[in-house]
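What the coordinates show
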Amino acid sequence: MRPARHGIDRRLFLGALTSVAAGFLTPGLALAQGAAQPFGTWVEKFRARARARGISDATYSRVFATVKPDPSVFEADRAQPEFQEETWQYLNRRVSDWRIATGRQRASEYAALFTRIENDFGVDRSVMLGYWGMESAFGDVVTNPRHMKPVFNSLATLAWGDPRRRKYWETELLNALVIVERGWSTPQEMVGSWAGAMGHTQWMPEVWLNMGVDYDGNGRISPFGKPDDALAGTANFILKRGRYRKGEPWGIEARLPAGFNTQLADNKTWRPLSAWGGMGLTMVEGQSITEYDNPARLWLPGGAGGPALLLLHNFYAVRSYNPSSAYALAVVHLGDRVMGGEPFKTPWPGGERTLTLAELQEIQQRLTRLGFDTGGTDGRVGNDTMRAVKAFQQRAGLTPADGYPGLQVLNALRGAR
């Protein structure tokens, strides 16, 4: 889960980079970033907070011996989203051939682990595979320096210099220190996102401390290394905080009757499935839902004419991990596809089919030959590939120049010289 973004004068921020690196801020920049003292002075004052939380001076000194401010976290926190994606684009990028194929390999490799999680927590393996694929590409980026950075640098910088959410960052920094104090991890091992999320399923320190499970029985809890603790802890999270219900689906794709009032699809109003059925809704393949009383909300993620989804309780249990409906939909749909489920039956208005792994690799290869940096040619679409696509779209006059590697881009690349 990422903290809320907030604004800052970009000129003040850019001007602050040099002074932050030196550990000092001018008065105007101190007001902009809320750091009223040099970083080293703040570190020594914060030691008292750590002592009060039970952190030994030895642990504190060991952790902060290598900590230095990381100004890039301010920009990551305050940056506007670089790419605007339609829901179908969001899903196509994340529920990709690569993720489905890799997920099936992991499902087979860790079948016994998923069976144990299902027995102990009641959370279906499809959901756990969806989280694992979404959060770390099934563990592939857990320690990749292109994606992860030292957590203590990030959290200490934010606790020192972010006035709006200082209390939150201070608490998470203390939580991270407790993890080291307990011997569960080391400062060197604790790498993560700019906001401090770590491991296979991207735990914040608070989740690590309070929802973590020593599932491999080695005497410590860790989201790194083997996926046992990470997956069990995430199952524990959605069971306890999301109130996940064993054996219930996340929702169904529905078919709307002609002339249906789409204003009723507000993703807020709960009605029994039987009530939705009384309005003429059926399962997408025509089966009746009038005999089911499960409360559901209707969502049209692509607008009128696209897939109609009746969301049940477990969709919101999954969403408790990240308060984004698009994220939750990607998790459950990826998990379904990994376990052999079908794509949505109803086409997305204005949408394209998902490109195959070979087609995505072809896009990356052709962009690379034209001098664009895609960050690799493995068919996995990250920000580097999207930036390269956007630059090519702008050069070729393609609209919208949204960075989405779809059929239009592939066809244009095949004709490019």
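Here goes a summary of the coordinates provided. Since the structure is predicted, the reported quantities are computational estimates derived from the model, not experimental observations.

Quick look at the nonpolar core now. In this structure, Trp42, Phe64, Leu173 and Leu177 are the most contacted members of the largest nonpolar core, which totals 94 residues. Among the elements that take part in this core, helix 16 (residues 325–338) stands out by supplying nine residues, more than any other. What leucine 177 contacts, discounting residues up to four positions off in sequence, is Ala50, Ile55, Thr59, Tyr60, Val63, Phe64 and Phe152. By size, the runner-up hydrophobic cluster in this structure holds 15 residues, among which are Ala388, Leu398, Val409 and Leu410.

Before going further, it helps to spend a moment on the packing of aromatic side chains. Counted by the stated rule, this structure contains 21 aromatic pairs. Note on phenylalanine 39 and tryptophan 160: the rings are 5.2 Å apart at their centroids and 80 degrees apart in plane angle, and the pair reads as edge-to-face. Of this pair, phenylalanine 39 sits in helix 3 (residues 39–52) while tryptophan 160 sits in helix 10 (residues 151–161); the two residues are 121 residues apart in sequence, bridging distant segments of the chain. Given a relative accessible area of 2%, tryptophan 160 falls into the buried group. What links up through ring pairs into an aromatic cluster is the set Trp250, Trp270, Trp299, Phe315 and Tyr316.

Here we take up the pairing of strand 3 (residues 251–255). Among the five residues that make up strand 3, four are buried, leaving the element largely enclosed by the rest of the structure. Strand direction decides the pairing type here: strand 3 and strand 7 (residues 308–311), joined by four bridges, are antiparallel. Looking at strand 7, one finds that glutamate 253 is bridged to leucine 309.

Another aspect to go through is helix 6 (residues 87–94). Summarising burial for helix 6: eight of the eight residues are buried, a large majority. For helix 6, the full list of buried residues reads Thr87, Trp88, Gln89, Tyr90, Leu91, Asn92, Arg93 and Arg94.

The next point concerns the pattern of salt bridges. Using the criterion set out here, one finds 23 salt bridges in the structure. Ionic pairing is found between glutamate 44 and arginine 47, a salt bridge with its closest N-O pair at 3.4 Å. Of the two residues, glutamate 44 and arginine 47 are both situated in helix 3; the distance of three residues between them amounts to about one turn of the helix. Its relative accessible area of 13% is what places arginine 47 among the buried residues.

Next up on the list: the packing of helix 17 (residues 357–369) against helix 19 (residues 407–415). Closest axis-to-axis distance for the helix 17/helix 19 pair is 10 Å, and the angle between their directions is 45 degrees. Considered as vectors, helix 17 and helix 19 are oriented oblique to each other. As for the relative orientation of helix 17 and helix 19, their crossing is left-handed in sense. Where helix 17 abuts helix 19, its residues Glu359, Glu362, Ile363, Arg366 and Leu367 lie against Val409, Leu410, Leu413 and Arg414. The residue makeup of the contact of helix 17 with helix 19, split by class, is five nonpolar, no polar and four charged.

On to the packing of helix 17 against helix 18 (residues 383–396), then. The contact between helix 17 and helix 18 brings their axes to 11 Å, and the two run at 65 degrees. Relative to helix 18, the crossing made by helix 17 is left-handed. Contact residues: Ile363, Gln364 and Leu367 in helix 17; Thr385, Ala388, Val389 and Phe392 in helix 18. Of the residues that constitute the contact of helix 17 with helix 18, the class distribution is five nonpolar, two polar and no charged.

Let us look at the sheet that holds strand 4 (residues 271–272). Ordered in space as 4-6-7-3-5, the five strands form an open sheet in which the pairing is antiparallel. Every interior strand has two partners, whereas the edge strands, strand 4 and strand 5 (282–283), have only one. As defined by bridge partners, strand 6 (residues 295–299) adjoins strand 7 across three bridges and the pair is classed as antiparallel. When the sheet's bridge partners are listed, arginine 297 is paired in strand 7 with leucine 311.

An ideal rise of 1.5 Å per residue puts 18 Å on 13 residues; helix 17 measures up with 18 Å between its terminal C-alpha atoms. Buried within helix 17 are the following residues: Glu359, Leu360, Glu362, Ile363, Gln364 and Leu367. Those residues of helix 17 hidden inside the fold are in contact with helix 18 and helix 19. Backbone geometry just downstream of helix 17 places glycine 371 in the positive-phi region, at approximately 100 degrees.

Scoring rules and cut-offs
- Residues numbered from 1 in each chain as written.
- Predicted model: local features only at pLDDT ≥ 70, side-chain atom pairs only at ≥ 80, totals over all residues.
- Heavy atoms only, no water.
- Core = buried A, V, L, I, M, F, W, Y, C linked by side-chain atoms within 4.5 Å.
- Buried < 20%, exposed > 50% of the residue type's maximum accessible area, 1.4 Å probe, protein only.
- Helix = DSSP H or I, 4+ residues; strand = E, 2+ residues; numbered from the N terminus.
- Contact = heavy atoms within 4.5 Å.
- Phe/Tyr/Trp six-rings, centres within 6.5 Å; stacked < 30°, edge-to-face > 60°.
- Pairing = 2+ DSSP bridges.
- Salt bridge = Lys/Arg side-chain N within 4 Å of Asp/Glu carboxyl O.
- Axes fitted to C-alpha atoms, helices over the stretch in contact; angles between N-to-C directions.
- Parallel < 35°, antiparallel > 145°, perpendicular 65-115°, else oblique.
- Left-handed = near helix turned anticlockwise from the far one by under 90°.
- Nonpolar A, V, L, I, M, F, W, Y, C, P; charged D, E, K, R; others polar.
- Expected span 1.5 Å × (residues − 1).

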